[in-house]
Amino acid sequence: HRAMKFYKDVFGWEYVMPHSTCPETGEKKTEPDYYMFKKGETHGSFRKVESTHHISPSTHPGNTDKQKIAVTVTINTDNMDEGLKAIEKAGGSIYM
């Protein structure tokens with residue numbers, strides 16, 4: 001998965017693969033619904049979402065008032081210049 005490789009290359013995150021079998025039903029999944037990651041004391045996850053959740057929140061069918069919704073993601077780094085270089089080297093773009 002490209003996104004996991006990107007974050008591993010840029011931030012050094014180690015991925016911990018979740019179980020591929022549902023503990024409640026025993027159903028085996030070809031792909032997990034989420035991916036866990038860690039680096040030192042930091043832990044987190046990426047959750048798989050339906051394609052309708054990829055559209056702008058202001059046009060999402062569940063947002064009947066069509067309110068804009070903002071999300072801010074913050075990732076700390078010891079060296080911002082080196083981090084920006086790593087993002088570009090891994091294929092990412094910088095927007096400021």
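Refer to the structure presented above.
Bear in mind that the values here come from a model prediction, so they are computed numbers and not experimental data.

## A short note on helix H2 (residues 80-89)
Part 1: If you check the start of H2, you find a side-chain oxygen 3.1 Å away from the backbone N of Asp81, and it comes from Asn79.
Part 2: With its phi angle positive at about 100°, Gly91 sits one or two positions after the end of H2.

## As for the packing of aromatic side chains
Part 1: Applying the stated rule across the entire model yields 6 aromatic pairs.
Part 2: Consider the rings of Phe6 and Tyr7, whose centres lie 5.3 Å apart with planes at 85°: the pair is edge-to-face.
Part 3: Phe6 gets classed as buried once you look at its relative accessible area, which sits at 18%.
Part 4: Where Tyr7 meets Phe11, the ring centres are 6.1 Å apart and the plane angle is 15°; that geometry is what we call stacked. One end of the pair is Tyr7 and the other is Phe11, both in helix H1 (residues 2-11) and 4 residues apart, which spans about a single turn.
Part 5: Given the relative accessible area of 23%, Tyr7 is considered partly exposed.
Part 6: Three or more aromatic residues joined by ring pairs make a cluster, and in this case those are Phe6, Tyr7, Phe11, Trp13, Tyr15 and Phe37.

## Observations regarding H1
Part 1: Within H1, burial applies to Met4, Phe6, Val10 and Phe11. Angularly, the buried residues of H1 cover 160° about the axis, an arc narrow enough to put them on a single face. For H1, the exposed residues lying more than 90 degrees away from the buried face are Arg2, Lys5 and Lys8.
Part 2: Where H1 is buried, its residues meet strand S1 (14-16), strand S2 (34-39) and H2.
Part 3: After H1 finishes, the residue Gly12 shows a positive phi value of roughly 75°.

Calculation notes
- Position numbers for residues count from 1 along each chain, tracking the sequence in the order it is written.
- Two thresholds apply to this predicted model, a pLDDT of at least 70 for residue-level local features and 80 or more for giving and counting side-chain atom pairs, whereas whole-chain, interface and lining totals are computed over all residues.
- For the side-chain quantities, the full set of heavy atoms in the structure was used; hydrogens and water were omitted.
- The term polar contact refers here to a pair of N or O atoms within 3.5 Å; inside protein, the definition further demands a hydrogen-donor-capable atom paired with an acceptor-capable atom, and it admits residues adjacent in sequence only when both atoms are side-chain atoms.
- Helix and strand labels come from DSSP, where a helix needs a run of H or I of at least four residues and a strand needs a run of E of at least two; each type is numbered from the N terminus.
- Note on aromatic contacts: the rings of Phe and Tyr and the six-membered ring of Trp form a pair at centre separations within 6.5 Å, being stacked when their planes are under 30 degrees apart, edge-to-face when over 60 apart, and tilted otherwise.
- Note on exposure labels: buried denotes an accessible area under 20% of the residue type's maximum, exposed denotes more than 50%, and partly exposed covers the range between, all computed with a 1.4 Å probe on protein chains only.
- Throughout, the arc means that of the directions going from the helix axis to the C-beta atoms.
- By the convention used here, residues are in contact when the closest approach between their heavy atoms is within 4.5 Å.

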